[in-house]
Amino acid sequence: MAKDIRKAEYGWPIGMPTCESLGDGLWEVRTTLEDRIARVLFCMAGRRMVLLHAIIKKTQKTPLVDLNTAKTRKKDLETRLREALKAKRKSESKP
């Protein structure tokens, strides 16, 4: 899995078969292991790849609970980044 994550991180943007868009800014790194299929759900924050959730797939579709976990974590990340940017701007505007 690490090789596929590194390939996606340093080769971004990259498409199939390594990465696939899940919509709304979510992506998955696809890895086929010996007898299983692994996925790492991630988003991009600027030029940084943020890993949100990893799963071993048992069905063809990504389970909704895992998709929702990644979406929740992505929203939390976006909120924290906005707040940090606001705080930075506020501190820079003080004399």
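Preceding block: the structure.
Residues numbered from 1 in each chain as written. Predicted model: local features only at pLDDT ≥ 70, side-chain atom pairs only at ≥ 80, totals over all residues. Heavy atoms only, no water.

Within the open sheet, the 4 strands sit side by side as 1-2-3-4. Their pairing is antiparallel. The sheet is open, and its two borders are formed by strand 1 (19-23) and strand 4 (48-57), each paired with just one other strand. Within the sheet, the average angular offset between the axes of one strand and its neighbour, ignoring direction, is 30°. Of the pairings in the sheet, the one linking strand 3 (residues 37-45) to strand 4 comprises 9 bridges and is antiparallel in character. Paired with phenylalanine 42 across the two strands is leucine 51, which belongs to strand 4. Contacting strand 1, strand 2 (26-32), strand 3 and strand 4, helix 1 (residues 2-11) runs over the sheet at an angle of about 140° to strand 2. The strands touched by helix 2 (residues 64-93) are strand 1, strand 2, strand 3 and strand 4; relative to strand 4, the strand with the most contacts, the crossing angle is about 165°. (Pairing = 2+ DSSP bridges. Helix = DSSP H or I, 4+ residues; strand = E, 2+ residues; numbered from the N terminus. Axes fitted to C-alpha atoms, helices over the stretch in contact; angles between N-to-C directions. Contact = heavy atoms within 4.5 Å.)

Let us look at the packing of aromatic side chains. The final tally for this structure, using the stated rule, is 2 aromatic pairs. Aromatic pair tryptophan 12 and phenylalanine 42: ring centres 5.6 Å apart, planes at 80°, arrangement edge-to-face. One end of the pair, tryptophan 12, is in the loop between helix 1 and strand 1; the other, phenylalanine 42, is in strand 3, and 30 residues separate them in sequence. The class of tryptophan 12 is partly exposed, set by a relative accessible area of 27%. Here the aromatic residues Trp12, Trp27 and Phe42 are joined through ring pairs into a cluster of three or more. (Phe/Tyr/Trp six-rings, centres within 6.5 Å; stacked < 30°, edge-to-face > 60°. Buried < 20%, exposed > 50% of the residue type's maximum accessible area, 1.4 Å probe, protein only.)

Here we take up unusual backbone geometry. With an omega dihedral of 0°, the bond running from tryptophan 12 to proline 13 counts as a cis peptide bond. Within the fold, proline 13 resides in the loop between helix 1 and strand 1. The omega torsion of the bond from methionine 16 to proline 17 falls at 10°, within 30 degrees of zero and hence cis. Relative to the assigned elements, proline 17 resides in the loop between helix 1 and strand 1. In the Ramachandran plot, aspartate 24 falls in the positive-phi region, its phi being about 55° despite a non-glycine side chain.

Inspection of every chain in the model, using the stated rule, returns 6 salt bridges. Between arginine 36 and aspartate 35 there is a salt bridge, and its shortest N-O distance comes to 3.6 Å. Overlapping salt bridges, with partners in common, bring together Glu20, Glu28, Arg30 and Arg39 in one network. (Salt bridge = Lys/Arg side-chain N within 4 Å of Asp/Glu carboxyl O.)

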